[in-house]
Amino acid sequence: MWDWFISFLTMILKSLADLCGDWGIAVIVLTIIIRLLVMPLMNKSTASSARMQALQPKMMEIQNKYADDPERQAEELRKFTAENKFNPLGGCLPILIQMPVFFALFTVAKQVPASAHFLNIMPSLSQSAAGAMGKGIQEALVYIIFDVLFGILTFIPMMMNMQNTPEEQRQQTMVMGVVMAAMMLWFGWSVPGAVLLYYDASAVWQVVQQKVVTQRVMDKVKAETEAKLAQQGVQVDVVRKERKPRPHKKN
């Protein structure tokens, strides 16, 4: 099944390359197609994350309230998540489903022919920055630029997410972003140019989607969830008032 999927994507990439007359453009087009196909899953994951952020304060309140009674705490959290139709794993599942697709694209990008190029920018998409350095800095410069761009584009979405991160976690997010960007720079140094091009195109898409789509989805879901929580609070207060016994006057 896996080999068939790799062969299928390779066939699509070759067909796009024949149509465009350029393997680099074909890699970018295939990346965009895949990104469009998985966008609904990504939006679902984003909505789940936004719902969790909105529910987190109330869940923390329950955890603190029943800190000395783990069984009651677990029961109250279960009731709370069921009442709000929230699955903590809901944000992970769409991402896990996407992973095989992106691993397959990575494999396909590594298999481009040695003669494959990207316009007049990359003379060989099978060459890596490390390999090009053996031919001199001028030959390797374009690969180094694409590698650095990959690291920067990895860092940007994490920084954009900081506005949705609690204040106390922002410093940790910043450190994680720097570490992740450094890891991507190291990883990109030895992969073929086609892989760098794929990751750069995918990362650009991620930044644009984060700015145009993801933030809107998060704001909408958080507003809806917070409004529902506020409504639940009002309902609880009303019920308590109705059940409160009235004092009787003595004769």
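See the structure printed just above.
This report concerns the structure included in the present document. A quick note: this is a predicted structure, and the numbers were derived from the prediction, not measured. (Residues numbered from 1 in each chain as written. Predicted model: local features only at pLDDT ≥ 70, side-chain atom pairs only at ≥ 80, totals over all residues. Heavy atoms only, no water.)

### Observations regarding the pattern of salt bridges
Thought 1: All told, the structure shown has four salt bridges when counted by the stated rule.
Thought 2: Between R78 and E75 there is a salt bridge, and its shortest N-O distance comes to 2.9 Å. Taken as a pair, R78 and E75 lie in helix α3 (residues 70-83) at a separation of three residues, close to a single helical turn.
Thought 3: What makes R78 partly exposed here is its relative accessible area of 47%.
Thought 4: As a salt-bridge pair, K79 and E76 come within 3.8 Å of each other at their nearest N and O atoms. On the criterion of helical spacing, the pair formed by K79 and E76 is a turn pair, its members being three residues apart in helix α3.
Thought 5: A single network of salt bridges, built from pairs that share partners, joins R72, E76 and K79. (Salt bridge = Lys/Arg side-chain N within 4 Å of Asp/Glu carboxyl O. Helix = DSSP H or I, 4+ residues; strand = E, 2+ residues; numbered from the N terminus. Buried < 20%, exposed > 50% of the residue type's maximum accessible area, 1.4 Å probe, protein only.)

### Looking at the packing of helix α2 (residues 23-65) against α3
Thought 1: Where α2 contacts α3, the axes come no closer than 9 Å and their chain directions differ by 155°. By the criterion of interaxial angle, the relationship of α2 to α3 is roughly antiparallel. Between α2 and α3 the crossing geometry is right-handed. Here α2 contributes L55, K58, M59, I62 and Q63 to the contact with α3, which in turn contributes Q73, E76, L77, F80 and T81.
Thought 2: In terms of residue class, the contact of α2 with α3 is made up of five nonpolar, three polar and two charged. (Axes fitted to C-alpha atoms, helices over the stretch in contact; angles between N-to-C directions. Parallel < 35°, antiparallel > 145°, perpendicular 65-115°, else oblique. Left-handed = near helix turned anticlockwise from the far one by under 90°. Contact = heavy atoms within 4.5 Å. Nonpolar A, V, L, I, M, F, W, Y, C, P; charged D, E, K, R; others polar.)

### Quick look at the packing of aromatic side chains
Here a ring pair, both rings aromatic, is described through the centre-centre distance and the interplanar angle of the planes.
Thought 1: The tally for this structure, following the rule as stated, stands at five aromatic pairs.
Thought 2: With 5.4 Å between their ring centres and 5° between their planes, W4 and F8 make a pair best called stacked. Placement of both W4 and F8 in helix α1 (residues 2-20) is noted, with a separation of four residues, approximately one turn of the helix.
Thought 3: For W4, a relative accessible area of 51% corresponds to the exposed category.
Thought 4: Residue classification places F8 among the partly exposed residues on the basis of a relative accessible area of 33%.
Thought 5: Ring geometry for F187 versus Y199: centroids 6.0 Å apart, planes at 85°, classification edge-to-face. Linking F187 in helix α7 (residues 170-188) with Y199 in helix α8 (residues 193-243), this pair joins segments that are 12 residues apart in sequence.
Thought 6: Overall, F187 belongs to the partly exposed group, its relative accessible area being 26%.
Thought 7: Judged by its relative accessible area of 23%, Y199 is partly exposed. (Phe/Tyr/Trp six-rings, centres within 6.5 Å; stacked < 30°, edge-to-face > 60°.)

### Some remarks on the nonpolar core
Thought 1: L13, I34 and L125 are the most contacted members of the largest nonpolar core, which totals 37 residues.
Thought 2: Listed by contribution, the elements that provide at least two residues to this core are α1, α2, α4 (92-110), α5 (129-133), α6 (137-160) and α8.
Thought 3: In terms of residue count, α4 provides more of this core than any other element does, seven residues in total.
Thought 4: Leave out the neighbours within four places in its chain, and I34 touches L9, V101, F102 and L105.
Thought 5: Among the nonpolar cores identified, the runner-up in size contains seven residues, and L55, Y66, L77 and F80 belong to it. (Core = buried A, V, L, I, M, F, W, Y, C linked by side-chain atoms within 4.5 Å.)

### Examining the packing of α1 against α2
Thought 1: One can describe the packing of α1 onto α2 by two numbers: an axis separation of 8 Å at closest approach and a directional angle of 125°. What the angle tells us is that α1 and α2 run oblique. For α1 against α2, the interelement crossing comes out right-handed. In contact with L9, I12, L13, K14, L16, A17 and C20 of α1, α2 contributes W23, I25, A26, V27, V29, L30, I33 and I34.
Thought 2: For the contact of α1 with α2, a count of residues per class yields 14 nonpolar, no polar and one charged.

From the geometry alone we can't say anything about function, so treat these as descriptive.
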